[in-house]
Amino acid sequence: MAVWALGINHTTAPLDLRGRFAFALDQIAPTLQGLRGSFTTGGGRHPEVEAAIISTCNRTEIYCAGERPALDHTLGWLARTGGVPDALLQSHSYTLQGDTVARHAFRVASGLDSMVLGEAQILGQMKDAVRAAEDAGALGSTLNQLFQRSFSVAKEVRSSTEIGTQSISMAAAAVRLAGQLFEDLSEIKVLFVGAGEMIELAATHFAARNPRGIAIANRTLERGQALAGRFGGEVMRLADLPDRMHEFDAVVSCTASTLPIIGLGAVERALKRRKHRPMFMVDLAVPRDIEPEVKALEDVYLYTVDDLASVVQTAQASRQAAVAQAETIIDAGVLSFMHWMDQRDPVHGAVPLIRQLHAQADAWRSAEIARARKLLARGDDVDTVLEALSRGLTQKMLHGAMAELHAGDAAQREQTAQTVSRLFLRGDGRKER
């Protein structure tokens, strides 16, 4: 099997392009079905291609395993899915094969490839993506092995290094920026739009500064109420946003909407009712929740996930030593995975030979058992039948070795004798049970 990967992330593609390739969890299964169905052989047959998609606010990555790499096909399919030319996607993407796929997956899971060095959220997102691929029937033994090893490597990195200490999350960065605009965060009212994991993190960080008010606006009130209840806040419907936005000094949005839900006109009306008191806005969604034109308004301070990059980088210098330590752990993980892949090589690997040996041994056993059953049915003595069964198995297992010992010249027979001794006369000290 060959493994390959294609991706775009916060370092290779602008926010709006990443937004074209953002897939919600409930979109993963049909998207994977479309991807796998797009692979065809010369006879029109769909080969067995394993696939998984990881999609977060900072990256979209496709991992595949099949008989041979198909990077050009994968890139073309993704470009069509996002409605962009192949050349445009290619200029903003990265492609990986073989051990570089494993290294990249291990680095992503460990938080080494994130905007926030060492952040732990990506590991949970990867596990969700793998679970979605598994539920869709798109995950086979090769990718399953790759991701399970990714999770193990990430666990070792986090437990053995300081990579995750003092990391500034996106939510914490938003609070820091808000603190630069407002002298006292306990005097502001904060509106959170959405009720997912990122909003929960943001609300937790803002709640720690005891703001004057917290509100959650969500499409479904039940989920919004559960989150608002944790922070002593109120809940409101998304439809109420235009009429109530002016009440809030800070707005943090992160939903799964494919189109902006906060438009320029709504923000302009809110500013007018606020008598142009400043508004702090953070759009953590990909695709965007807030129309980009809002940033041009004089009294609005709008930040996207890409704008937060400089803030979250500030604590990274002190963790470079931990990065080197983490890379060593990842190197060992990559070697282990590639060894596993080599063992499965149908030409040179040990696994196919082991399977053939098991099949041959099963065939011998079945033949001898069938012969023994006939003898027993004929009324032969049980001990005599068992003796014949064991002798027959022994002769079948030793026949090849005995034939080789009598074949070839003296040097070849000597080499065969050493091999046979190593295989059949091992003095490993184990006692009979």
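Refer to the structure printed above.
Cut-offs applied
- Residues numbered from 1 in each chain as written.
- Predicted model: local features only at pLDDT ≥ 70, side-chain atom pairs only at ≥ 80, totals over all residues.
- Heavy atoms only, no water.
- Salt bridge = Lys/Arg side-chain N within 4 Å of Asp/Glu carboxyl O.
- Buried < 20%, exposed > 50% of the residue type's maximum accessible area, 1.4 Å probe, protein only.
- Helix = DSSP H or I, 4+ residues; strand = E, 2+ residues; numbered from the N terminus.
- Contact = heavy atoms within 4.5 Å.
- Patch = residues over 30% accessible without salt bridge, like charges linked within 9 Å, V, L, I, M, F, W, Y side chains within 5 Å.
- Areas by Shrake-Rupley, 256 points an atom, 1.4 Å probe, with all protein chains shown as cover.
- Pairing = 2+ DSSP bridges.
- Axes fitted to C-alpha atoms, helices over the stretch in contact; angles between N-to-C directions.
- Parallel < 35°, antiparallel > 145°, perpendicular 65-115°, else oblique.
- Disulfide = S-S within 2.5 Å.
- Arc of directions from axis to C-beta.

Caption draft 1: Layout of the pattern of salt bridges. Taken as a whole and judged by the stated rule, the model has 21 salt bridges. For Glu 67, the salt bridge identified is with Arg 68, shortest N-O distance 3.9 Å. For Glu 67, a relative accessible area of 58% translates into the label exposed. Given the relative accessible area of 57%, Arg 68 is considered exposed. Residues Lys 396 and Glu 368 are paired through a salt bridge, measuring 2.6 Å at the closest nitrogen-oxygen approach. Of this pair, Lys 396 sits in helix H16 (residues 382-405) while Glu 368 sits in helix H15 (residues 350-377), and the two are 28 residues apart along the sequence. On the basis of relative accessibility, which here comes to 29%, the residue Lys 396 falls in the partly exposed class.

Caption draft 2: Spatial organisation of helix H5 (residues 99-109). The complete set of buried residues in H5 reads Val 101, Ala 102, His 104, Ala 105, Phe 106, Val 108 and Ala 109. Packed against the buried residues of H5 are strand S1 (2-9), strand S3 (59-66), strand S4 (94-97), helix H6 (121-135), helix H7 (141-160) and helix H14 (320-343).

Caption draft 3: A nonpolar patch on the surface, seen in detail. A contiguous nonpolar surface patch, about 610 Å² in accessible area, is contributed by Met 397, Leu 398, Met 402, Leu 423, Phe 424 and Leu 425. Of all the elements in the fold, those that place two or more residues in the nonpolar patch are H16 and helix H17 (410-424). Looking at the element boundaries, Leu 398 is found in helix H16. The partly exposed category is assigned to Leu 398, whose relative accessible area is 34%.

Caption draft 4: Summary view of the pairing of S3. Taking burial as the measure, the 8 residues of S3 include 8 buried ones, the bulk of the element. A two-sided burial pattern is seen for S3, the buried positions comprising Arg 59, Glu 61, Tyr 63 and Ala 65 on one face and Thr 60, Ile 62, Cys 64 and Gly 66 on the other. For S1 and S3, the ladder comprises 8 bridges, and the chain directions are antiparallel. Counted as the bridge partner of Asn 9 is Arg 59 from S3. Bridge count for strand S2 (residues 50-55) against S3 is 6 bridges, and the pairing is antiparallel. From the neighbouring strand, Ala 52 faces S3, where its bridge partner is Tyr 63. What sits between the antiparallel neighbours S2 and S3 is a turn of 3 residues.

Caption draft 5: Representation of the packing of H16 against H17 within the structure. The contact between H16 and H17 brings their axes to 9 Å, and the two run at 155°. Taken together, the axes of H16 and H17 are roughly antiparallel relative to one another. In this structure, H16 contributes Met 397, Leu 398, Ala 401, Glu 404 and Leu 405 to the contact, and H17 contributes Arg 413, Thr 416, Ala 417, Val 420 and Phe 424.

Caption draft 6: Local environment of the state of the cysteines. Per the stated rule, a full pass over the model turns up 0 disulfides. With no disulfide of its own, Cys 254 lies closest to Cys 57 among cysteine sulfurs, the gap being 6.7 Å. Residue classification places Cys 254 among the buried positions, given a relative accessible area of 18%.

Caption draft 7: Expanded view of helix H10 (residues 221-230). Here H10 has its buried residues at Gly 224, Leu 227 and Ala 228. All buried residues of H10 lie within an arc of 100° about the axis, which places them on one face of the element. In H10, those exposed residues whose orientation departs by more than 90 degrees from the buried face are Glu 222, Ala 226 and Gly 229. Summarising the contacts, the buried residues of H10 are in contact with helix H9 (197-207), strand S6 (213-218) and strand S7 (234-237). Positive phi appears at Gly 232, one or two residues downstream of H10, with a value of about 65°.

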